[in-house]
Amino acid sequence: MSRIEQDSDSHDQLSGGLGVFGLLRELMPYFRGDWMPTLSVVGLVLIHAIIGRAVVSVLGKAIDLGVIGKNIEILLKLAALYFVLEVLQMSLQVGIATWFARVGNRVLFRLRDHLVAHVQNLPVAYFDRVASGRIVTRLTSDTVSLTELFHQGLLSVFSSCVALITITIAMSLISWKMTLVTLLVAPPMVWIAFLLSDKILVANREAKKHVSAINAFVAETVSGVRVLQLFNRVLLQRNRFEALSRVYRDANLRTVSLYALFHPTVSLFTAVTVATALYAGGWIASEGAISTGAMIAFIFHVKDFADPLRNILEKYQLFQNSVSSGERVFALLREQEDHEASDSGNLGQPFGTVRFEGVSFRYHEELPYALDGVSFELPKGKTLAVLGRTGSGKSTLISLLQRFRDPTRGEILIDGRPLAAIPRKEARRRIGVVQQDVFMFRGTIEENIGLGDPQISQDRILWSAREAGLERILRMRPGGLKADVEEKGANLSVGERQLIAFARILAFDPQILVLDEATSNVDSETERLLQAAAVRARRNRTSIIIAHRLSTVQDSDLCLVLSQGRVEKFGRTTDVLPTLTLAEQPRSEA
């Protein structure tokens, strides 16, 4: 089994399964505010079912009183009544479908809204272990499957259950003996049909796991297509896709085979029940215990009995498919969100001093510590340059400050207050980070600076763009701030994306700045602009910089050298700088 499929097994299903009733129970909270329309639909379904039985009774009476009794007047009246009942039944059907569709859409809107909000609040560790394609599947195709449950399954099954009850009562009113004989064949046929349905559920689960694996694989392949083409790995990746696709094809074929057995089983049930009703009805009618019209009405009832039962069994397949999707959706909803601090006092004070006290962190229990007993203090308004080779813990330090992760041991303090006690939203608003790999959204330069924050005016966005040195870029691009930005900033250079990131920081005006300084893979002019933007961004702010240039270290007040997650050196830059070894110097200088 591939790594993708193993991951699917771990995160796709709820342990023990959910089941149809379990799924409905999970969906109940999303019906809030729609109980009255739902109860109205229930009432209309009951009226619709009663009218359906009345239509059949009118047909029986028309045969007995109008045809056999040769009473044209009664026949015409019953024909008119039959027409009125049919029109009323069709009108109710339209009303029921419309009302329930509205309720269903509102319920699913709340579910989707909750699901997206939940995903956005999941810890970064979840996204590290679960492929993005799998998450997209939960938010799209699995919720669509639940939409089909509401639009095609739930109302239909409920209406069919009510119809079965009313049909059974109507049949019993004609002849309880015929009803008993006819229904004796139902249990074994229903048991066989449900047995097949359970097997189809298992097959559907397997198929959905495989399609989820395919989605994850395709998402990863599209994201890394440049690397695949550069290293001529396209054919290898295609072969891997074909292997996943074959497994999915085989799983689908197993499902199709079970469906092929299911439909003849339901048709056989219909044939057996009608044949039994004809035999029992003929035997009882021969004794004069039932009229011809009643006999025909009974046969119609039996025929109508088979239709809702077939509908329930067929829609049960849709239910099974929806249960499989629902299990995956609610498994995602049960993932624990980031624990949020409840204490929000004293947040009006500006942030300044940063202190690490014996901070240790590791990404997994089996892995070594990425940071081990790190302690230092950065006074308010000062700049700290952080040095270290690859794997020394610099990126982990940034991640802890952003509260994407929390320390395994030790504590981070901001002005003497534990960072863990500050709500994440507040901490991230006051601690701004500029990373080397800047993410750009599809939209405009203006939207990528302000990120849709209504508190950031267009004037401030324009000011921050000028402060960051974006004037030349704005002049070169048609539209200026309104210039288009492609997905992930594909139409922007590395340096341009960095400058937009600085403009973003200036627009949001954080009190503490964490900067992963841009490397030397930019031209000299852009490098000059980046350095100037960095200086302006650091002005009057407590700053932590992952330094890649010796000039940056020289401009800092303090210097921290990390080695294998531990503090190797820390102190004033003028004291630390002369002691730096060749390996400890910024790589662009070394």
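Calculation notes
Residues numbered from 1 in each chain as written. Predicted model: local features only at pLDDT ≥ 70, side-chain atom pairs only at ≥ 80, totals over all residues. Heavy atoms only, no water. Helix = DSSP H or I, 4+ residues; strand = E, 2+ residues; numbered from the N terminus. Rg over C-alpha atoms; globule rule 2.2 N^0.38 Å. Buried < 20%, exposed > 50% of the residue type's maximum accessible area, 1.4 Å probe, protein only. Contact = heavy atoms within 4.5 Å. Pairing = 2+ DSSP bridges. Axes fitted to C-alpha atoms, helices over the stretch in contact; angles between N-to-C directions. pLDDT = per-residue confidence, 0-100. 1 Å grid on protein atoms, 1.4 Å probe; cavity = no way out; pocket = protein on both sides within 12 Å on 5 of 7 lines; lining within 4 Å. Points joined across faces, edges and corners; volume = space filled by probe spheres on them. Nonpolar A, V, L, I, M, F, W, Y, C, P; charged D, E, K, R; others polar. Arc of directions from axis to C-beta. Phe/Tyr/Trp six-rings, centres within 6.5 Å; stacked < 30°, edge-to-face > 60°. Salt bridge = Lys/Arg side-chain N within 4 Å of Asp/Glu carboxyl O. Parallel < 35°, antiparallel > 145°, perpendicular 65-115°, else oblique. Left-handed = near helix turned anticlockwise from the far one by under 90°.

Student: Would you mind showing me how to read the overall build of the chain here?
Tutor: Counting secondary structure elements, the chain contains 20 helices and 12 strands. Radius of gyration (C-alpha) of the chain: 35 Å, far over the 25 Å computed for a compact globule of 590 residues. If one aligns the C-alpha atoms of the chain with their principal axes, the spans along those axes are about 115 × 50 × 45 Å. Taken across its 590 residues, the chain has 47% of its residues classed as buried. The contacts in the chain between residues at least 6 apart in sequence include a share of 80% that link residues at least 24 apart.

Student: For this particular structure, what's the right way to read the sheet that holds strand β9 (residues 512-516)?
Tutor: Backbone hydrogen bonds hold the strands of a sheet together, and the pairing may be parallel or antiparallel. The six strands lie next to each other as β6-β9-β10-β3-β11-β12, forming an open sheet whose pairing is mixed. The open sheet has two edge strands, β6 (431-434) and β12 (566-572), and neither has a second partner. Strand-to-strand twist across the sheet, computed as the mean angle between neighbouring axes with direction ignored, equals 15 degrees. In this structure, β9 lies alongside strand β10 (residues 542-546), joined through five bridges in parallel fashion. Bridging across to β10, Leu 513 finds its partner in Ser 543. Contacts from helix α12 (residues 394-401) reach β3 (383-388), β6, β9, β10 and β11 (558-563), with the element oriented near 150 degrees to β10. Strands β6 and β9 of the sheet are contacted by helix α17 (residues 494-508), whose axis makes an angle of about 175 degrees with β6.

Student: Teacher, can you tell me more about the confidence of the model for the chain here?
Tutor: A low pLDDT means the predicted coordinates there should not be read in detail. Overall, the predicted model of the chain reaches an average pLDDT of 80, with 90% of residues at or above 70. Confidence over residues 1-10 falls short of pLDDT 50; this stretch has 18 contacts with residues more than four positions distant or in other chains.

Student: Just checking my understanding: could you explain the layout of surface pockets for this structure?
Tutor: Picture a little ball the size of a water molecule; that probe, rolled over the atoms, points out where space is still empty. Approximately 620 Å³ is the volume attributed to the second largest pocket. As for the second largest pocket, its lining consists of 29 residues, of which His 48, Gln 93, Ser 159, Ser 160 and Ala 163 are closest to the centre. Listed by contribution, the elements that provide at least two residues to the lining of the second largest pocket are α3 (35-68), α4 (72-120), α6 (132-174) and α11 (292-333). Here the lining of the second largest pocket takes 13 residues from α6, the largest share from any one element. Taken together, the residues that form the lining of the second largest pocket break down as 14 nonpolar, 12 polar and three charged.

Student: Quick question: what am I supposed to make of helix α7 (residues 176-183) here?
Tutor: An α-helical turn contains 3.6 residues, so any two residues separated by three or four positions project in the same direction. Where α7 is concerned, the buried positions are Met 178, Thr 179 and Thr 182. Along α7, the residues classed as buried sweep out an arc of 100 degrees about the axis, all on the same side.

Student: How do you make sense of the packing of aromatic side chains when you look at a structure like this?
Tutor: Per the stated rule, a full pass over the model turns up six aromatic pairs. Seen in terms of ring centroids, Phe 356 and Phe 376 are 4.7 Å apart; in terms of plane orientation they differ by 15 degrees. Their pairing is stacked. Of the two residues, Phe 356 sits in strand β1 (residues 354-361) while Phe 376 sits in strand β2 (residues 371-378), which places them 20 residues apart along the sequence. With respect to class, Phe 356 is no different from Phe 376; both count as buried. Grouped by ring-pair contacts, the aromatic residues Phe 356, Phe 376 and Phe 570 constitute a single cluster.

Student: Before we go on, may I ask you to explain the pattern of salt bridges in this structure?
Tutor: Pairing of side chains with opposite charge becomes possible as their charged atoms draw close. Tallying each qualifying case throughout the model produces 18 salt bridges. In this structure, the salt-bridge partner of Arg 355 is Glu 357, at a minimum N-O distance of 2.8 Å. As a salt-bridge pair, Glu 426 and Arg 430 come within 2.6 Å of each other at their nearest N and O atoms. Taken together, the residues span about one helical turn, with Glu 426 and Arg 430 both in helix α13 (residues 424-430) at a distance of four residues. Relative accessible area serves as the criterion here: at 5%, Arg 430 is assigned to the buried category. A cluster of three or more residues bridged by salt bridges with shared partners is formed by Arg 138, Asp 142 and Arg 328.

Student: What am I meant to see in the packing of helix α8 (residues 186-223) against helix α10 (residues 234-286) here?
Tutor: Angle between the axes and distance between the axes are the two parameters that describe a pair of packed helices. Interaxial distance between α8 and α10 falls to 9 Å at its minimum, and their mutual angle equals 165 degrees. Classed by the angle they form, the pair α8 and α10 counts as roughly antiparallel. Crossing hand, α8 versus α10: left-handed. Residue composition of the contact of α8 with α10, grouped by class: 24 nonpolar, nine polar and two charged.

Student: What exactly am I supposed to notice about the packing of α3 against α4 here?
Tutor: Contact geometry for α3 and α4: axes closest at 9 Å, N-to-C directions at 160 degrees. In terms of axis orientation, α3 runs roughly antiparallel to α4. Seen from above, α3 lies across α4 with left-handed handedness. For the contact of α3 with α4, a count of residues per class yields 25 nonpolar, seven polar and three charged.

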